[in-house]
Amino acid sequence: MKTHFWDERGQGTAELLFVLLVLVLLLFGMVEIARGVSIRHALDVSTEKAARVLSINPADYDYATSLIRTEVNGSILGGGYGDRVVIQLRDAVSGAEISPADLATLGFGYRFVVEATVPWQPNIPFLSNPARTLSAMHFGIVESFP
């Protein structure tokens, strides 16, 4: 006859809790990474559209910015970040920041960059997650004559 000095009842429950803890962390991590990818994709697509809009009509900066913000807000997993988007126009050669009014007055063939950034922090339970900045940059060339 075999005798045990310890009780094995509840061992399976304890092991299951350890495994579930790890799986829950993995699940939340995957959801947060998917959310970040979704926001980054929306930012990239909308920045490309905005660069195209500004190439055709450089004076339409307000529409281009609303296009970026609407696209980021409409993202499947990352909605609500549209108000946090920072949009900048830069000279493609020197990298100097230019204003929307300057872009509207520049002539045919001028090369510019539309850059959009948004702060994002993953929210994974029990882990400290530093804030990150997601960004997208697209080039454009003014295609309209003044």
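All of the points below concern the structure found in this document.

About the cut-offs
Residues numbered from 1 in each chain as written. Predicted model: local features only at pLDDT ≥ 70, side-chain atom pairs only at ≥ 80, totals over all residues. Heavy atoms only, no water. Helix = DSSP H or I, 4+ residues; strand = E, 2+ residues; numbered from the N terminus. Rg over C-alpha atoms; globule rule 2.2 N^0.38 Å. Buried < 20%, exposed > 50% of the residue type's maximum accessible area, 1.4 Å probe, protein only. Contact = heavy atoms within 4.5 Å. Areas by Shrake-Rupley, 256 points an atom, 1.4 Å probe, with all protein chains shown as cover. Lys, Arg positive; Asp, Glu negative; His and termini not counted. Charge placed at Lys NZ, Arg CZ, Asp CG, Glu CD. Core = buried A, V, L, I, M, F, W, Y, C linked by side-chain atoms within 4.5 Å. Pairing = 2+ DSSP bridges. Patch = residues over 30% accessible without salt bridge, like charges linked within 9 Å, V, L, I, M, F, W, Y side chains within 5 Å. Salt bridge = Lys/Arg side-chain N within 4 Å of Asp/Glu carboxyl O.

1. Description of the overall build of the chain
If you tally the helices and strands in the chain, you get 3 helices and 4 strands. The helix and strand sequence of the chain, counted from the amino end, reads α-α-β-β-α-β-β. Over its C-alpha trace the chain gives a radius of gyration of 24 Å, far above what one expects of a compact globule, namely 15 Å for 146 residues. Overall, the chain is about 100 × 25 × 20 Å in size when its C-alpha atoms are taken along their principal axes. Every one of the 146 residues in the chain was classed for burial, and the buried ones make up 34%. Long-range contacts, defined as pairs at least 24 residues apart, comprise 63% of the intrachain contacts of the chain with a sequence gap of at least 6. Accessible surface, the chain as shown: approximately 9400 Å² in total, 62% of it carbon and sulfur. Charge centroids of the chain, computed over 11 positive and 15 negative side chains, lie 5 Å from each other.

2. A few points about the nonpolar core
In this structure, Leu 43, Leu 54, Ile 68, Val 85, Leu 103, Phe 112 and Val 114 are the most contacted members of the largest nonpolar core, which totals 25 residues. Take this core: its biggest share by element is 6 residues, from helix 1 (residues 11-56). Beyond its immediate stretch of four places on either side in the chain, Ile 68 contacts Leu 43, Ser 46, Thr 47, Ala 50, Val 85, Ile 87, Val 114 and Ala 116.

3. Considering the sheet that holds strand 3 (residues 111-120)
Hydrogen bonding along the main chain pairs the strands of a sheet, whether they run parallel or antiparallel. Here 4 strands make up an open sheet; going across it, the order is 2-1-3-4 and the pairing antiparallel. Strands at the two margins of the open sheet, each flanked by one partner only, are strand 2 (97-98) and strand 4 (132-141). Sheet analysis places strand 1 (residues 86-91) next to strand 3, joined by 6 bridges and oriented antiparallel. Directly across from Asp 91, in strand 3, lies its bridge partner Phe 112.

4. Section: a nonpolar patch on the surface
Residues Leu 16, Val 19, Leu 20, Val 22, Leu 23, Leu 26, Leu 27, Met 30 and Val 31 make up a contiguous nonpolar surface patch of about 820 Å² in total accessible area. Structurally, Val 19 can be placed in helix 1. A relative accessible area of 46% places Val 19 in the partly exposed class.

5. Overview of the side chain of Thr 47
For Thr 47, the position within the fold is in helix 1. In this structure Thr 47 comes out as buried when scored by relative accessible area, which is 0%. Discounting chain neighbours no more than four positions away, the residues touching Thr 47 are Ile 68, Val 114, Ala 116, Ala 136, Met 137 and His 138.

6. Looking at the pairing of strand 3
In terms of burial, strand 3 is a largely internal element, 8 of the 10 residues being buried. In this structure, strand 3 lies alongside strand 4, joined through 10 bridges in antiparallel fashion. Bridge pairing in strand 4 places Ala 116 opposite Ala 136.

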